[in-house]
Structure formats: structure tokens, C-alpha cells
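Chain by chain, the residues:
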There are 2 protein chains.
Amino acid sequence: MEPNLGLRDRKRLATRLRLEDAAVTLVLRDGLEHTTVDAISELADVSPRTFFKYFESKDAAILGLRQVEIAESELAEQCDRVAEHGLIECVIHLLLTVIGPPSTRLTMREDRLEILRRHPHLLTTQLAQFTQMTTEVTDAVAALVARDAHFAGGSSAELAASADLVLVLCGGAVRVAVKEWAEMNPTDADGAAEQLESRAISLAREVSVKLS
Amino acid sequence: MEPNLGLRDRKRLATRLRLEDAAVTLVLRDGLEHTTVDAISELADVSPRTFFKYFESKDAAILGLRQVEIAESELAEQCDRVAEHGLIECVIHLLLTVIGPPSTRLTMREDRLEILRRHPHLLTTQLAQFTQMTTEVTDAVAALVARDAHFAGGSSAELAASADLVLVLCGGAVRVAVKEWAEMNPTDADGAAEQLESRAISLAREVSVKLS
DNA sequence: ATGCATCACTGTAAAATTGCAGTTGTGCAA
DNA sequence: TTGCACAACTGCAATTTTACAGTGATGCAT
């Protein structure tokens, strides 16, 4: 699946998956509150200290939320699509790029949905993490908004405010699209990226039209 | 200022303000990383355990973020404005109601802005808390959206998705408006509520128009 | 004024999270 | 192959945060 990775990266990926599996397994078996970081780490054969090198919190491990770091070059590349496509399309594509493709392991996805049903407060964690991800691209979105014809001519402060709002709207659209996809599409995971992008764009468009 | 409070509530309010003052004072004096919850609690004359009865985290105390709990009745009352006003206006008014009026203590506001400048990561905390607040009114917003003429006729899932996006857009508008107000309006704190509402509405309207 | 229900406060212990320093394994070039 | 730079892993200590259980203060009806 991923043969183009060196030994170091393969080990790292394996450790992360082992931690995710351990977290999900133990939570389903013992319940969220009786599952400790120590137990997860032990089952995954790493020290508790290492656990936090992979995940920001226990919840993040259970949900499989990796921390993103974006290369400036990637962002700049994405930003050269404004002329051809619309602003909403560009921002959503940017967001989907940084959050990466959804997990292809169907069992895992089912298990996580079950955990989310049992512990709704995890939705808060998920939302917070997602929001944090989106803020990482704030500067890039500001640049995109500044180039858009509809927003041109505003003051610096106005542009910054507009960028902020465009970002939260598109981020929300992506979040809703991902959620719908996770809940409704148990079969193929191939066209996922395209489906997500298409759905998110139509959601954002629809709302902005109906609100104006 | 607030004579219509019993002894218990007055004491509680005083304790919260003492904790906020202690947190801000110590952070400005010793720096964020050298200020412990123990020190804050000691200066405020409560136990560290009590600290967490008032604030969810050290950061929340520094920023003065109180945890909100909304009465269902209040929400229902707000929701009866859809017919007369637009959807955006209603949702923003709802949000401003639940987050309450901004702090009127100017020194405190200045001090906190200074701390935010020195420790940008606190913005993440602030944003997360704000997002959490907004999600508390998800159901009420869903009801508002369902009543709105532009959104009527959609399926249940479509309505839920739309409500989600309307909420993040309005929430973002309020957040931007509050931020602008905190940074630019050192004088009167009286018309604050109206200014905030007006600014947030125009922000949300403008973006939805330009995006559509 | 009295009694009761409730809430605020506290101590203790356990779990979660972070910082620091040291060891080991990996990638890479000589 | 050897050696170096760096990343991953670990242990340890300190801090943050939560759960539980108990004590005292407050609000309120009588």
C-alpha cells in the first residue's frame, strides 16, 4: 500500500496504528473512563511518554486525529487555482489537502462511530481539533480572499475579517461532508476524496446563496 | 452595580474576579509558564481544587472565560423573532445573548490583550471555548433554520447540515466582531452590545453576498 | 429563630499532560 | 563499513485536571 516509505517512516506509521488500535480496542472493551493512557501504551508496546509524541491527548488517539503540519510550499501551490476556480472551491480543496484522506479501514471507522455514539462529548474534541487544523491555513486563505474579485478593494482589516469567515464556512462544510461520508458510505473508499470535495462545495454554495 | 444578588452569589462573583485578577497579575509579573494554578489559587485565597470549580483550565482563568449554561426557556424566547427579522439577525442575537456582555473593566481588557500578544497560542484556547459555547445552541439554531423560508422544504439531513453552517458563519462573525471591539474601543462600554450585534450582522451578510 | 436542602469549599488520590535529559535506532555521506 | 546528525524512544519529575467523599456556609420555608 505504501512501499514508498523508509524503514523509519514505516515503523512510525506502524506505531501510530498500533496506538490507535489499542485505544479503540480498550475503550470498546473497558469503557472510556476505565481506559488509561498507561494501558493503551502498554498494549501498543511503547512508553506512556511516547504516546504523547503521537497524539495530543487520549481522545485524539481514540479518534485517530493526527496532528498536521503543512509545508508552506504546498499551500502556495494550492493558491494558484483562484483564477480558474471559485474562492469556495479553492479553500475547500486546500482544507481537504491538509486534513488528508479519511481512514480506509472500515472496521475502525465503524468502531469509532460506535464510540462516538456512546460518548458524545468526544464530538467536542473532534470539532476543536478540526478547528485548530483549519486555523493553520489562515494566512493562505487570506491570500486567496485578497485575490478574489468579489472581495478586492476592501481595507486590510476587512479582508482579514472576510478571510476568517470564508474559512469557518468552508471548514464547516468540509466537516459536515466528512461526517456524512463517515456515517453513510460503508463501501468503497476510493472516490472518497472527490465525493467529499464535491459535497462540501455544494453545501457551502447552497448556504451562502440562501443566506443572501 | 449588581445589588440584586444574594450573599452567596456576591461571594461567588467576588471569588471569580479574585481568581481572574490573580491569574492576570501573576502572568504579567512572572510569565505564563512560571505561573502555576497553585500560585493563582493561593493569591486568591482558595484551594487549587476550588480553582477548577470556577474555570475549566488555567488558560480560561487568564482569559476570563466563564463556562456558560443556557436555559432552554431563554432559547425558546429568542427563537420567536424569525418572522420579524432575518435568520442571520436571529442567530447572531442568540449567540450574543448566551456569551453575555463583554467585560467592562478596561484595565483588565488591556492586560489581557497584552497577554494575548505575548502568548498567541491562547487564541486557540479562546477559539475552542467560543466554539464550544456556540455548539450549545445547535438545537435552537436548527429550529430557527427549519422555520426560515429559504431553507424550508429540505430533508432532515439537509436542514441539519444547513443549520451547522449557518451557526459557524454567524459564530465566526460574532467572534470577529468581539475581537475588533476589544482591540479598537477603549472608551465607552455602554453601547457595546448594540455595536457588536450590528457589526456581526453586517460581516455575515457581506460575506454571504460576496460568496454567492 | 429553626431545620433542611443545596451549594461552595476543601483534602486526597489518581490520571492526564508537559519539560528535560539521556539513550538508542535510522538515514546518509565519506 | 564507519561515523555523524538527527529523529525516536524512554524515564523521571512537575504541573494540570478530574473523581470522590466529606465539611461548613447559605437560602429559604416554617
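For the structure, check the block above.
Quick summary incoming for the structure in this document.

Calculation criteria
- Residues numbered from 1 in each chain as written.
- Chains lettered and ligands numbered in written order.
- Predicted model: local features only at pLDDT ≥ 70, side-chain atom pairs only at ≥ 80, totals over all residues.
- Heavy atoms only, no water.
- Near = heavy atom within 4 Å.
- Polar contact = N/O pair within 3.5 Å; in protein donor to acceptor, adjacent residues only side chain to side chain.
- Contact = heavy atoms within 4.5 Å.
- Buried area = accessible area lost by both parts, 1.4 Å probe.
- Salt bridge = Lys/Arg side-chain N within 4 Å of Asp/Glu carboxyl O.
- Helix = DSSP H or I, 4+ residues; strand = E, 2+ residues; numbered from the N terminus.
- Buried < 20%, exposed > 50% of the residue type's maximum accessible area, 1.4 Å probe, protein only.

### What about the protein's contact with DNA strand C?
Step number 1: Close to DNA strand C lie 20 residues, the nearest being Arg8(A), Lys11(A), Arg49(A), Thr50(B) and Tyr54(B).
Step number 2: Atoms of DNA strand C within 4 Å of the protein belong to the sugar or the phosphate in 64% of instances, the rest to bases.
Step number 3: Taking Leu7(A), its main chain carries an N or O atom lying 2.9 Å from a phosphate oxygen of DNA strand C.
Step number 4: At 2.5 Å from a phosphate oxygen of DNA strand C is found a side-chain nitrogen or oxygen belonging to Thr50(B).

### Some points on the interface of chain A and chain B
It is common to report an interface's size as the accessible area lost on association of the parts.
Step number 1: Each partner contributes residues to the interface: chain A has 33 residues there, and chain B has 33 residues.
Step number 2: Together chain A and chain B conceal approximately 2800 Å² of surface at their shared face, both sides included; 69% is due to carbon and sulfur atoms.
Step number 3: On the chain A side of the interface with chain B, the three residues burying the most area are Leu165(A), Lys210(A) and Leu211(A), jointly 24% of the side's total.
Step number 4: Taken together, the links from chain A to chain B amount to 4 salt bridges.
Step number 5: Notably, a salt bridge pairs Arg175(A) with Asp164(B), separated by 3.3 Å at the nearest N-O pair.
Step number 6: Sorting the residues of the side of chain A that touches chain B by element identifies helix 6 (87-99), helix 8 (122-135), helix 10 (156-184) and helix 11 (192-211) of chain A as the ones contributing at least two each.
Step number 7: In terms of residue count, helix 10 of chain A provides more of the side of chain A that touches chain B than any other element does, 13 residues in total.

### Considerations on the pattern of salt bridges
Step number 1: Taken as a whole and assessed by the stated rule, the structure comprises 20 salt bridges over all chains.
Step number 2: A salt bridge links Glu114(B) to Arg117(B); the shortest N-O distance between them is 3.5 Å. On the criterion of helical spacing, the pair formed by Glu114(B) and Arg117(B) is a turn pair, its members being 3 residues apart in helix 7 (residues 106-118).
Step number 3: When its relative accessible area of 27% is taken as the criterion, Glu114(B) is described as partly exposed.
Step number 4: Here Arg117(B) falls in the exposed class, since its relative accessible area comes to 54%.
Step number 5: Linked by salt bridges that have partners in common, Arg16(A), Glu20(A) and Arg112(A) make up one network.

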